[in-house]
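Chain residues, written in single-letter form:
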Amino acid sequence: MINKKNAQMEIMGLLVIVILVIVGLLLILTFDTKENKQKSESTKFSYEQLTGTFGSTFMETTAPCNEIMRDMISDCAFSKEIICEQEESCEYITYTLEEIANKTLGLAGINHTIKISSNTNESIIIINNTGCIEGNSITKTTPIATSYEPIRLDLIICK
Amino acid sequence: MKKAQMQGGETIAVMIIIVVLIIIGLVFGLGRTTEKIEKDANQIDFLNSIRIAIKVTNLQEIKCSRANSGGNTCIDKYKVLSLSELIKENNEAYVIYQGIFENTQIKINEIYPGTETYTIYDYNDSINKSRTATYVPILLWDPIKDTKQFGIMEVATYN
């Protein structure tokens, strides 16, 4: 009888040790998750700056033919009269936008798709860097006012 | 006698296991504390580069004199060239700006059109040190030609 009780006590002791080890491991896992979240918060500023002001900065950029990108986009959407460096406005914008996006967003490791569209034309220009799975992206929109109808530049960033 | 010895042996074994577990826990805990301190130090450097980046974008010495940037960060190209030359050649100016820019490197990279890089300020004691960088899209205005280039301002904090 006494032996049985001793054996039971010993097993209880071992059980306590096992429970302590499991609780310790759970605590460690909890801390790990919290620290990862803090790290992603701290890189938000640079990411927001690059993605948030990309479209508006691009709009105001001047091409070597002295045309502003905003006007060239409007021309590409509606009139197709501007020729810049022997290329039509649509081709020039596509090439330039891709180049700038690769040198900024691409180098920062931000996978993206850029879409310029209007109410009547959903795909004036589309630049697909790596493609985003639908529902797994964030869109930053820059509106462009024109004398015809509003256009918008959507920077779709893959999460 | 033998039974008592066995029981004594068991008790010693259990105590050894507990001590070993405690030592493992302490070593692990110390390791994680060191890791946390390093991560916190990196975060402080990153926040510092954000703080300096915000200062630089609002610096009157390089801001565009005309309010025509459409809300984007506009920097005057010739003011940048003047300031970087002043800081590079005048020791007194370097010391004054060291108080503002601290242990950072501030560069303006032309993205389109053009590929020039202008170093406004570089903390001299920066050889072989690691850096944490923040990137901000800017419009680089040429007041003589009245054109705006797409640029990136890079503010790197030396660790």
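Here's what I pulled together on the structure shown here. Here, residues in each chain are numbered from 1, in the same order as that chain's written sequence. Both sets of labels track the order of writing: A upward for chains, 1 upward for ligands. Given that the model is predicted, a residue must reach a pLDDT of at least 70 before its local features are reported, and side-chain atom pairs must reach 80 or more before they are shown or counted; all residues, however, enter totals for whole chains, interfaces and linings. Side-chain numbers come from the whole structure's heavy atoms, not from hydrogens or water.

**Describing the pattern of salt bridges**
Whenever Lys or Arg places a side-chain nitrogen within 4 Å of a carboxyl oxygen from Asp or Glu, that contact is recorded as a salt bridge. Inspection of every chain in the model, using the stated rule, returns 8 salt bridges over all chains. Across the salt bridge formed by Arg 70 of chain A and Asp 71 of chain A, the nearest N and O atoms sit 3.8 Å from each other. Three labels apply to residues, based on accessible area from a 1.4 Å probe with only protein chains included: buried if under 20% of the type maximum, exposed if over 50%, partly exposed otherwise in between. Judged by relative accessible area, Arg 70 of chain A falls into the partly exposed class, the value being 26%. Taking the relative accessible area as the measure of exposure, Asp 71 of chain A reaches 35% and is therefore partly exposed. Across the pair Glu 102 of chain B and Arg 51 of chain B runs a salt bridge whose closest N-O atoms are separated by 3.0 Å. Here Arg 51 of chain B lies in helix 1 (residues 2-57) and Glu 102 of chain B lies in the loop between helix 3 (91-101) and strand 2 (104-112), a separation of 51 residues in the sequence. Linked by salt bridges that have partners in common, Glu 60, Arg 70 and Asp 71 of chain A make up one network. Numbered from the N terminus, helices here are DSSP runs of H or I no shorter than four residues, and strands are runs of E no shorter than two.

**Section: the side chain of Ser 89 of chain A**
All names here are of chain A. Assignment of secondary structure puts Ser 89 in helix 5 (residues 89-106). Pairing of N or O atoms within 3.5 Å defines a polar contact, subject to two protein rules: one partner must be a possible hydrogen donor and the other a possible acceptor, and residues neighboring in sequence count only if both atoms are side-chain atoms. Of note is the side chain of Ser 89, whose polar atom sits 3.5 Å from the backbone nitrogen of Cys 76. In what follows, residue pairs with any heavy atoms lying within 4.5 Å of each other are defined as contacts. What Ser 89 contacts, discounting residues up to four positions off in sequence, is Met 72, Asp 75, Cys 76 and Ile 82.

**What about the side chain of Lys 140 of chain A?**
All names here are of chain A. Checked against the element boundaries, Lys 140 lands in strand 5 (residues 137-144). On the basis of relative accessibility, which here comes to 18%, the residue Lys 140 falls in the buried class. At 2.8 Å, the side chain of Lys 140 and the side chain of Glu 48 are in polar contact. The contact partners of Lys 140, leaving out residues within four places of it in the chain, are Glu 48, Thr 51, Gly 52, Leu 153, Asp 154, Leu 155 and Ile 157.

**Some words on the sheet that holds strand 4 (residues 125-128) of chain A**
Residue and element names in this part refer to chain A. The antiparallel open sheet is built from 4 strands, whose spatial order is 4-3-6-5. Every other strand in the sheet has two partners, leaving strand 4 and strand 5 as the edge strands with one partner each. Averaged over all pairs of adjacent strands, the angle between their axes in this sheet comes to 15°, without regard to strand direction. With respect to the sheet, helix 4 (residues 69-79) is in contact with strand 3 (112-118), strand 4, strand 5 and strand 6 (151-158), its orientation differing from that of strand 6 by roughly 105°. Strands strand 3, strand 4 and strand 6 of the sheet are contacted by helix 5, whose axis makes an angle of about 145° with strand 3. In this description, strands pair whenever DSSP reports at least two bridges between them. Each axis is a line fitted through C-alpha atoms, taken for helices only over the stretch in contact, and angles between the N-to-C directions span 0 to 180 degrees.

**Points about helix 2 (residues 77-89) of chain B**
Residue and element names in this part refer to chain B. Relative to the 18 Å expected for 13 residues at 1.5 Å per residue, helix 2 spans 19 Å between its end C-alpha atoms, a close match to the ideal helical length. When we look at burial in helix 2, the residues that qualify are Lys 77, Val 80, Leu 83, Ser 84 and Ile 87. Seen along its axis, helix 2 keeps its buried residues to an arc of 125°; they face one direction. At its buried positions, helix 2 is contacted by strand 1 (74-76), helix 3, strand 2, strand 3 (117-122), strand 4 (131-142) and strand 5 (147-158). Looking at where helix 2 begins, the residue whose side-chain oxygen comes 2.9 Å from the main-chain nitrogen of Tyr 78 is Asp 76. Helix span is expected to be 1.5 Å times the residue number reduced by one. This arc describes the spread of directions from the helix axis toward the C-beta atoms.

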